Amino acid sequence: MRSRIDVMRGYAEKTDCRRRMLLGYFGETRPAPCGTCDNCDAGTSRDDAGDVPEGVPAAQEAVRDPEFGDGVVMSVEPHRMTVLFTEHGYRTFALDAVRALDLVEPVEA
Ligand SMILES: [Zn+2]
């Protein structure tokens, strides 16, 4: 997948549990925070992704936006999601806007 290098590039910028991000990247759904990495120590890891509203793409899901084109969801937080677009780089969307305006919709893998 062409975005893998960019995915790894974004790794260092994240504040979520590093182990969980890697497990999520490799396909595990909702792995628990490890409790031992630097982000867990700093208290910035999320406890659980379960409070993300329905209808919002999951992390690592391929999406397509009418304005920004193809992208991959990098992270989904309770109120916003970050997408890395192939042509436009990182964009952050409010989840309310994602749902209301259908800004980003899943595409077939
Ligand atoms: Zn951790």
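Residues numbered from 1 in each chain as written. Predicted model: local features only at pLDDT ≥ 70, side-chain atom pairs only at ≥ 80, totals over all residues. Heavy atoms only, no water.

Visitor: Would you mind going over the overall build of the chain with me for this structure?
Guide: Assigned secondary structure in the chain consists of four helices and five strands. The N-to-C order of helical and strand elements in the chain reads α-α-α-β-β-β-β-α-β. Counting the 109 residues in the chain, one finds 34% classified as buried. The contacts of the chain with a sequence gap of at least 6 include a subset with a gap of at least 24, amounting to 34%. Counting every atom, the chain has about 6,800 Å² of accessible surface; 50% of that belongs to carbon and sulfur. (Helix = DSSP H or I, 4+ residues; strand = E, 2+ residues; numbered from the N terminus. Buried < 20%, exposed > 50% of the residue type's maximum accessible area, 1.4 Å probe, protein only. Contact = heavy atoms within 4.5 Å. Areas by Shrake-Rupley, 256 points an atom, 1.4 Å probe, with all protein chains shown as cover.)

Visitor: Sorry if this is basic, but what is going on with the coordination of the zinc ion here?
Guide: In an ideal octahedron of six donors the angles at the metal are 90 or 180 degrees, and in an ideal tetrahedron of four donors they are 109.5 degrees. Binding of the zinc ion to the protein goes through Cys17 (SG), Cys34 (SG), Cys37 (SG) and Cys40 (SG), at separations of 2.3 to 2.4 Å. Every donor counted, the four donor atoms about the zinc ion form angles of 103 to 118° at the centre, which fits tetrahedral coordination. Spacing between the donor residues of the zinc ion along the chain follows C-x16-C-x2-C-x2-C. The class of Cys40 is buried, set by a relative accessible area of 17%. (Donors = N, O, S within 2.8 Å, 3.2 Å for Na, K, Ca; no water. Tetrahedral: all angles 85-135°; square planar, octahedral: opposite > 155°, others 65-115°.)

Visitor: Where do I start with the packing of aromatic side chains in this structure?
Guide: To describe a pair of aromatic rings, one takes the distance between the centres and the angle between the planes. Under the definition given, this model contains three aromatic pairs. Between Phe68 and Phe85, the aromatic rings sit 5.2 Å apart at their centres with planes inclined by 40°, giving tilted as the arrangement. Pair noted here: Phe68 is in the loop between β1 (62-65) and β2 (69-76) and Phe85 is in strand β3 (residues 80-85), with a separation of 17 residues, a long-range link. The exposure class assigned to Phe68 is buried, which follows from its relative accessible area of 13%. Between Phe85 and Phe93 the ring centres are 6.1 Å apart and the planes differ by 80°, which places this aromatic pair in the edge-to-face class. As far as the burial class goes, Phe85 and Phe93 line up, both buried. An aromatic cluster of three or more residues is present, and its members are Phe68, Phe85 and Phe93. (Phe/Tyr/Trp six-rings, centres within 6.5 Å; stacked < 30°, edge-to-face > 60°.)

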